[in-house]
Amino acid sequence: MILFIQGNPGRPGLNGMKGDPGLPGVPGFPGMKGPSGMPGSAGPEGDPGLTGSPGPPGLPGPSGQSIIIKGDAGPPGVPGQPGIKGLPGLPGLQGLPGPVGPPGDPGHNGLPGFDGASGRKGDPGLPGQPGTRGLDGPPGPDGLQGPPGPPGTSSVVHGFLITRHSQTTDAPQCPQGTVQIYEGFSLLYVQGNKRAHGQDLGTAGSCLRRFSTMPFMFCNINNVCNFASRNDYSYWLSTPEPMPMSMEPLKGQSIQPFISRQFNGLCTRRVSQEEEMLFPTYSLCRLCSLFLSLTRCAVCEAPAVVIAVHSQTIQIPRCPQGWDSLWIGYSFMMHTSAGAEGSGQALASPGSCLEEFRSAPFIECHGRGTCNYYANSYSFWLATVDVSDMFSKPQSETLKAGDLRTRISRCQVCMKRT
């Protein structure tokens, strides 16, 4: 195996012979600007050159003699921006007086001047025209009494209407000295739209000739009227006939005990034309179930004024001197029922003196054709007052059946004697 060992570098060789010229090289980069040469000699004068553009403004020259030559007016410049408001100028001199203006409006009248001196007395004037008739003077003194006149006509021509209620199913008789006008049924008050309107039992309005559980209808601004179509009520004076133990509204054959004698047997025979006119809105069977324990009444014409007198004791009061008695009774004041509504009686009216006392003197009827007594119905009566208790605190007291009349005031209806 042969081993080769690297030796040391040799000495440089001798210079070789000059070679052939090479190919042209690539153009080199531009060289740097050389230094400025020496100024050349002045050349001949050249032709005038083109007018150059104006040079920049020169520096101000020294002040010389001003020679102002006015040039031509230039074109108007662009309007400048409004300047700021200047300071107020000095007051100007007073101007010359202006021309005379037109006349002004007339002024207001001045205050009255002082009274002038009195003038001399004038001459008498001519006679005036006759005046109008003067006012009547005061009446003179009463003359002597004249002779008696002829008898006057009966005062019945100018009679007074009163109503008497029997509180039974029979029509009452008019008191002595009065004339009956008509008979009917005793209407106490009605309630519509939750408002009550009562009738004075002493006037003819409380005695309706025909009965209906709903005797009225209501109308509105749309020219529409409705009858028996909502929860309205009518209240009538009732008879003493007791209600059934069940307190259900009476109808059918159970109503017969409450029908007056003049209508007995009505449910078992054909209704007459007169009876049909009395109850125009009901059929025969409906009539039997609606004609309840209704009080009858009579409207009477009296020849003089009629009043009611109340004793406020259990004693019957006396009529005033010169007055005659028509009937006696108990002092009826007020009544309420559904919705705490009701009405009252004027104590001077004969309607405030009912001949019979009952704790439930009226019955409630509805548009559905039924009548009954209800727990919210109350009657108010004038109570007795002892002279010794007039200005003391009333003592609470509860009265039960059998003792009720011991605290009810008595009354009497009186007519002025003619």
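For the structure itself, consult the block above.
Bear in mind that the values here come from a model prediction, so they are computed numbers and not experimental data. Throughout, residues of each chain are indexed from 1 in the direction in which the sequence is written. Confidence filtering applies because this is a predicted model: local features only for residues at pLDDT of at least 70, side-chain atom pairs given and counted only at 80 or more, and all residues used for totals across whole chains, interfaces and linings. Hydrogens are left out, water is left out, and the side-chain values use all remaining heavy atoms of the structure.

A. Highlighting the overall build of the chain. Where helices and strands are cited, they refer to DSSP runs of H or I of at least four residues and of E of at least two residues respectively, numbered from the N terminus. When helices and strands are counted, the chain shows two helices and 16 strands. Expressed as a percentage of its 418 residues, the buried residues of the chain come to 28%. In the chain, of all internal contacts separated by at least 6 residues, the share reaching a separation of at least 24 is 76%. Only the protein chains shown count as cover for residues, and all accessible areas are computed by the Shrake-Rupley method using a 1.4 Å probe. Looking at the chain as shown, the accessible area adds up to about 32700 Å², and 58% of this sits on carbon and sulfur atoms. Three exposure classes are used, based on accessible area relative to the maximum for each residue type with a 1.4 Å probe and protein chains only: buried under 20%, partly exposed in between, and exposed over 50%. In what follows, residue pairs with any heavy atoms lying within 4.5 Å of each other are defined as contacts.

B. Quick peek at unusual backbone geometry. Within the chain, Asn193 stands out as a residue other than glycine whose phi angle is a positive 55 degrees. As for its placement among the helices and strands, Asn193 is situated in the loop between strand S2 (179-192) and strand S3 (195-198). By relative accessible area, Asn193 is classed as exposed at 54%. Residue Asn223 is not a glycine yet carries a positive backbone phi of 65 degrees. With respect to the helices, strands and loops of the structure, Asn223 is situated in the loop between strand S5 (217-219) and strand S6 (225-227).

C. The packing of aromatic side chains, seen in detail. Two rings belonging to Phe, Tyr or Trp (six-membered ring only in the last case) form a pair when the distance between their centres is within 6.5 Å. Interplanar angles under 30 degrees mark stacking, angles over 60 mark edge-to-face geometry, and anything in between is tilted. The final tally for this structure, using the stated rule, is eight aromatic pairs. Ring centres of Phe185 and Phe211 lie 6.1 Å apart, and the angle between their planes is 50 degrees; this geometry places the pair in the tilted category. Placement of Phe185 in strand S2 and of Phe211 in the loop between strand S4 (207-208) and S5 is noted, with a sequence separation of 26 residues between them. We classify Phe211 as buried; its relative accessible area is 2%. Here the aromatic residues Tyr189, Tyr233, Tyr235 and Phe362 are joined through ring pairs into a cluster of three or more. The residue whose ring lies beneath Arg209 is Tyr182, and the NZ or CZ to ring-centre distance is 4.4 Å. Consider the ring centre and the ring normal. A charge sits over the ring if Lys NZ or Arg CZ is within 6 Å of that centre and within 35 degrees of that normal.

D. Fine view of the state of the cysteines. Cysteine sulfur atoms are paired as a disulfide whenever they fall within 2.5 Å. Under the definition given, this model contains six disulfides. Two residues share a disulfide in this structure: Cys365 and Cys371, whose sulfurs sit 2.0 Å from each other. Since a negative S-S torsion denotes a left-handed disulfide, the Cys365-Cys371 link at about 110 degrees is right-handed. Each member of the pair, Cys365 as well as Cys371, carries the same accessibility label: buried.

E. Fine view of the environment of Phe380. In this structure, Phe380 sits in strand S15 (residues 378-381). For the pair Phe380 and Ser359, spaced 21 residues apart in sequence, the C-alpha separation works out to 8.6 Å.

F. Representation of the pairing of S2. The buried fraction of S2 is high, at ten of 14 residues. Only strands joined by at least two bridges in the DSSP assignment are considered to pair. Relative to strand S8 (residues 296-302), S2 is paired through six bridges, and the arrangement is antiparallel. Following the sheet pairing, Phe185 is matched in S8 by Arg296. The pairing of S2 with S4 spans two bridges and is antiparallel. From the neighbouring strand, Ser186 faces S4, where its bridge partner is Cys207. Where S2 meets strand S7 (residues 233-237), four bridges bridge the pair, whose relative direction is antiparallel. Pairing of Gln191 across the sheet is with Tyr233, part of S7.

G. Just the side chain of His366, in detail. Here His366 shows up in strand S13 (residues 362-366). Look at His366 and you get buried, because its relative accessible area is 3%.

H. Examining the pattern of salt bridges more closely. Each salt bridge in this description consists of a side-chain nitrogen of Lys or Arg and a carboxyl oxygen of Asp or Glu lying within 4 Å of one another. Counting across every chain of the model gives three salt bridges. With its nearest N and O atoms 3.0 Å apart, the salt bridge here joins Arg417 to Asp324. Separated by 93 residues along the polypeptide, Arg417 in the segment after strand S16 (410-416) and Asp324 in strand S10 (residues 323-336) bring together distant segments of the chain. Residue classification places Asp324 among the partly exposed positions, given a relative accessible area of 30%. Taking the shortest distance from any N to any O, the salt bridge between Arg407 and Glu397 comes out at 2.7 Å.

I. Representation of a nonpolar patch on the surface in the model. On the surface, Met333, Met334, Leu347, Tyr378 and Phe380 cluster together to form a nonpolar patch covering roughly 420 Å² of accessible area. Along the chain, Met334 turns up in strand S10. Accessibility expressed as a relative area gives 35% for Met334, which makes it partly exposed. Exposure above 30% relative accessible area and no salt bridge define the residues that can form patches, which grow by joining like charges within 9 Å and nonpolar side chains of Val, Leu, Ile, Met, Phe, Trp and Tyr within 5 Å.

J. Geometry of the pairing of S13. Most of S13 is tucked away, with five of its five residues classed as buried. Burial of the side chains of S13 extends over both faces: Phe362, Glu364 and His366 are buried on one face and Ile363 and Cys365 on the other. Both S7 and S13 contribute to a ladder of five bridges, which runs antiparallel. Following the sheet pairing, Leu237 is matched in S13 by Phe362. Both S13 and strand S14 (residues 371-372) contribute to a ladder of two bridges, which runs antiparallel. Pairing of Cys365 across the sheet is with Cys371, part of S14. Between S13 and S14, which pair antiparallel in sequence order, lie four residues; one of them, Gly369, sits at a positive phi of approximately 95 degrees.

K. Layout of the environment of Leu161. Among the secondary structure elements, Leu161 is positioned in strand S1 (residues 160-165). Taking C-alpha positions, Leu161 is 8.9 Å from Pro303, a pair spaced 142 residues apart along the chain. What Leu161 contacts, discounting residues up to four positions off in sequence, is Ile181, Gly202, Val299, Cys300 and Glu301.

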